[in-house]
Amino acid sequence: VQLQASGGGLVQAGGSLRLSCAASGRTFSSYVMGWFRQAPGKEREFVAGIRWSGGSTSYADSVKGRFTISRDNAKNTVYLQMNSLKPEDTAVYYCAVDHSGRYIYRSPNVYNYWGQGTQVTVSS
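In what follows, the accompanying structure is described. (Residues numbered from 1 in each chain as written. Predicted model: local features only at pLDDT ≥ 70, side-chain atom pairs only at ≥ 80, totals over all residues. Heavy atoms only, no water.)

## What to know about the packing of aromatic side chains
Per the counting criterion, the structure on display carries 7 aromatic pairs. Taking the centre distance of 5.3 Å and the plane angle of 10° together, the rings of Tyr31 and Trp52 count as stacked. Of this pair, Tyr31 sits in the loop between β3 (17-24) and β4 (32-38) while Trp52 sits in the loop between β5 (45-51) and β6 (57-59), and the two are 21 residues apart along the sequence. The exposure class of Tyr31 is buried, given its relative accessible area of 5%. Trp52 sits in the buried class, given a relative accessible area of 10%. (Phe/Tyr/Trp six-rings, centres within 6.5 Å; stacked < 30°, edge-to-face > 60°. Helix = DSSP H or I, 4+ residues; strand = E, 2+ residues; numbered from the N terminus. Buried < 20%, exposed > 50% of the residue type's maximum accessible area, 1.4 Å probe, protein only.)

## Regarding the sheet that holds strand β8 (residues 77-82)
A sheet is described by the order of its strands in space; here 4 strands give the open sequence β1-β3-β8-β7, paired in antiparallel fashion. Strand pairing shows two members of the sheet lacking a second neighbour, β1 (2-6) and β7 (67-72), which therefore form its edges. Across the sheet, the mean angle from the axis of one strand to that of its neighbour is 15°, orientation sign disregarded. In the sheet, β3 pairs with β8 via 6 bridges, with the strands oriented antiparallel. (Pairing = 2+ DSSP bridges. Axes fitted to C-alpha atoms, helices over the stretch in contact; angles between N-to-C directions.)

## So, the state of the cysteines
Applying the stated criterion across every chain, the model contains 1 disulfide. Bridging Cys21 to Cys95, the disulfide has an S-S length of 2.1 Å. Between Cys21 and Cys95, the disulfide has an S-S torsion of 65° and is therefore right-handed. On the criterion of sequence distance, the pair formed by Cys21 in strand β3 and Cys95 in strand β9 (residues 91-98) is long-range, its members being 74 residues apart. For the pair shown, Cys21 and Cys95 are each scored as buried. (Disulfide = S-S within 2.5 Å.)

## Observations concerning the pattern of salt bridges
Applying the stated criterion to the full structure yields 4 salt bridges. The closest approach of N and O atoms between Glu45 and Arg37, which form a salt bridge, is 2.6 Å. Between Asp89 and Arg37 there is a salt bridge, and its shortest N-O distance comes to 2.9 Å. One end of the pair, Asp89, is in the loop between β8 and β9; the other, Arg37, is in strand β4, and 52 residues separate them in sequence. Of the two residues, Asp89 and Arg37, both sit in the buried class. The network of salt bridges with shared partners includes Arg37, Glu45, Arg66 and Asp89. (Salt bridge = Lys/Arg side-chain N within 4 Å of Asp/Glu carboxyl O.)

## Side note on the side chain of Arg37
For Arg37, a relative accessible area of 5% puts it in the buried group. In this structure the side chain of Arg37 is engaged in a polar contact, spanning 2.6 Å, whose partner is the side chain of Glu45. Within the structure, the side chain of Arg37 is placed 3.5 Å from the side chain of Ser62, a separation counted as a polar contact. Setting aside residues up to four positions removed in sequence, Arg37 forms contacts with Glu43, Arg44, Glu45, Val47, Ser62, Val63, Phe67, Glu88, Asp89, Ala91, Val92 and Tyr93. (Polar contact = N/O pair within 3.5 Å; in protein donor to acceptor, adjacent residues only side chain to side chain. Contact = heavy atoms within 4.5 Å.)

By themselves these figures say nothing about function.
As structure tokens, this is what we get:
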């Protein structure tokens, strides 16, 4: 599975960005796609996840109500709409796939495939 993330950039606090992650190659009947982020000097952390089958979602408390994860089945693409951005959202954002698809796990160790990351910078 190849994952191509895009959509990062520089935005002022309070602004919005939409990240995209397109999946290609091997596909699975049921899997989870997740967004993670990693700021300098910090561990990679879960942001949001979506089960491809059924569309159930999960969010980190820090982004709940501001970020929305969604998918486009026809395009094999997952999106992360980020609104009301804060300087503390600044990080490299990664998309990832857990091909087990049983549950939206928050540990990055569970995920089997990773995209290359896209930088999001929020200025104050």
